[in-house]
Amino acid sequence: MFGDFQFENIAEKRIVVAMSGGVDSSVVAALAAKSGAEVIGVTLQLYDHGAAVGRTGSCCAGQDIRDARAVADRLGIAHYVFDYESQFRDSVIADFADEYAAGRTPIPCVRCNQGVKFTDLFGIARDLGADCLATGHYVRRAIGSDGPELHRAIDPARDQSYFLFATTDEQLAFLRFPLGGMEKAAVRATAAEYGLGVAAKPDSQDICFVPDGDYAKIVRKLRPEAAEPGEIVDLEGQVIGRHKGLIHFTVGQRRGIEIGGSPEPLYVVRLDPAERRLIVGPRRALAVRAAMLDDCNWIGPRGDGPVTAKVRSLAKPVPARIEGGTVVFDQPEYGVAPGQAAVLYRGDRVLGGGWIRETVAAEALAA
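About the thresholds
- Every chain's residues receive numbers from 1 upward, in the order its sequence appears when written.
- Confidence filtering applies because this is a predicted model: local features only for residues at pLDDT of at least 70, side-chain atom pairs given and counted only at 80 or more, and all residues used for totals across whole chains, interfaces and linings.
- Hydrogens and water are ignored here; the side-chain numbers use all heavy atoms of the structure.
- UniProt positions are given in the numbering used here, feature names are shortened, and annotations may be inferred rather than shown by experiment.
- Labels follow the DSSP assignment, with helices taken as runs of H or I lasting at least four residues and strands as runs of E lasting at least two, numbered in each case from the N terminus.
- Each residue is assigned to one of three classes by its accessible area relative to the maximum for its type, calculated with a 1.4 Å probe on protein chains only: buried under 20%, partly exposed between the two thresholds, exposed over 50%.
- We call two residues contacting when some pair of their heavy atoms lies within 4.5 Å.
- What makes a salt bridge here is a side-chain nitrogen of Lys or Arg within 4 Å of a carboxyl oxygen of Asp or Glu, nothing more.

An unreviewed UniProt entry lists the protein under the name tRNA-specific 2-thiouridylase MnmA, with Sphingomonas montanisoli given as the organism. Annotation of the protein in UniProt includes, under Sequence similarities (unreviewed entry), the sentence "Belongs to the MnmA/TRMU family." UniProt annotates the protein under Catalytic activity (unreviewed entry) with the comment "S-sulfanyl-L-cysteinyl-[protein] + uridine(34) in tRNA + AH2 + ATP = 2-thiouridine(34) in tRNA + L-cysteinyl-[protein] + A + AMP + diphosphate + H(+)".

*Asks:* Just to check I follow, could you spell out the UniProt feature "active site" (unreviewed entry) in the protein for this structure?
*Replies:* Sites flagged by UniProt as "active site" (unreviewed entry) map to C112 and C208. Look at the named residues: they lie 97 residues apart in sequence, but the longest C-alpha span between them is just 10.7 Å, so in the fold they bunch up. In this structure, C112 sits in helix α4 (residues 108-127). The class for C112 is buried, based on a relative accessible area of 6%. Those residues in contact with C112, other than ones at most four positions away along the chain, are L46, F88, V92, K117 and F118. Tracing the sequence through the fold places C208 in the loop between α6 (184-193) and α7 (215-222). Classification of C208 as buried rests on a relative accessible area of 19%.

*Asks:* Teacher, can you tell me more about the pattern of salt bridges here?
*Replies:* When their charged atoms lie close together, side chains carrying opposite charge are able to pair. One pass over the structure, following the stated rule, counts 17 salt bridges. Of the charged contacts in the structure, one is a salt bridge between D203 and R188, with a shortest N-O distance of 3.1 Å. Linking D203 in the loop between α6 and α7 with R188 in helix α6, this pair joins segments that are 15 residues apart in sequence. Its relative accessible area of 23% is what places R188 among the partly exposed residues. A cluster of three or more residues bridged by salt bridges with shared partners is formed by D24, R158, K184, R188 and D203.

Have a look at this one:
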């Protein structure tokens, strides 16, 4: 059973809405207000870095905070802004730089959901006496026989379930996701219907705290040692070139290697930050049969039956099986990078997932 603001005596309930200033969270606030409950909008100021101050579509800074307040005024609901910049910097931005410096490929959006957005925002919502916390994520919450379940959104192009695999059962019981059953066009139409000024506002792009998309600049500023040049080596350890810093590369990347004379295109296979080495090879060297996970989180009982695994936010889930803390793919998977998440599904339901610590090459497993 899917449902969002389905409470008895709704007029006696209080809903806190996480408002980023974008069209999605603004429509959630409008739907919450329409339900008849008391609604409080909450915005966390997470950063205010130079060009981001006046930049729209960056989430939780500058103009976006002003947009959230304007929507709250339009809807006639209370709105509060809380300064969480230092917490965001310490728990998300610093971790992002550390992961890149360690040769891994981070997902700051998941870390943000795990920490500031869900853990800290939950505390605020509880302190405000909320009966639930509503967000603009494109996922669905269903009530199953064993309690709340997390499901993919109706619109596959907007589905954000990959980024919410770390949601705990306790959090899911308190959360509501009104947009999971809507397509984006319907969300914008709803915003226009309510006369919200953000109805045509562009969606946020890239990582919110990297306004210009230059990830390396952020890492270089916080972890300058990660920008030091080093050797490019082939799979046998033979030096074949030089790189300008590991922060410019991730597993599976082809662009920027700039090695001529190879009979096959070369891809990043591994990064060795201790030796500042970039290991490259042909595409077949990227084939992975298994991934070992850390910090696994399971949402409700896993049960039995086939599962699919998603190892990148834009990848399609592929058939796999779970063996302890390891995901084994039915067929070799490509571009599986340590630091990313492996998220497990059964049908549309999110079972949970974990952080990829290490991968097992398809050739190594066959041997």
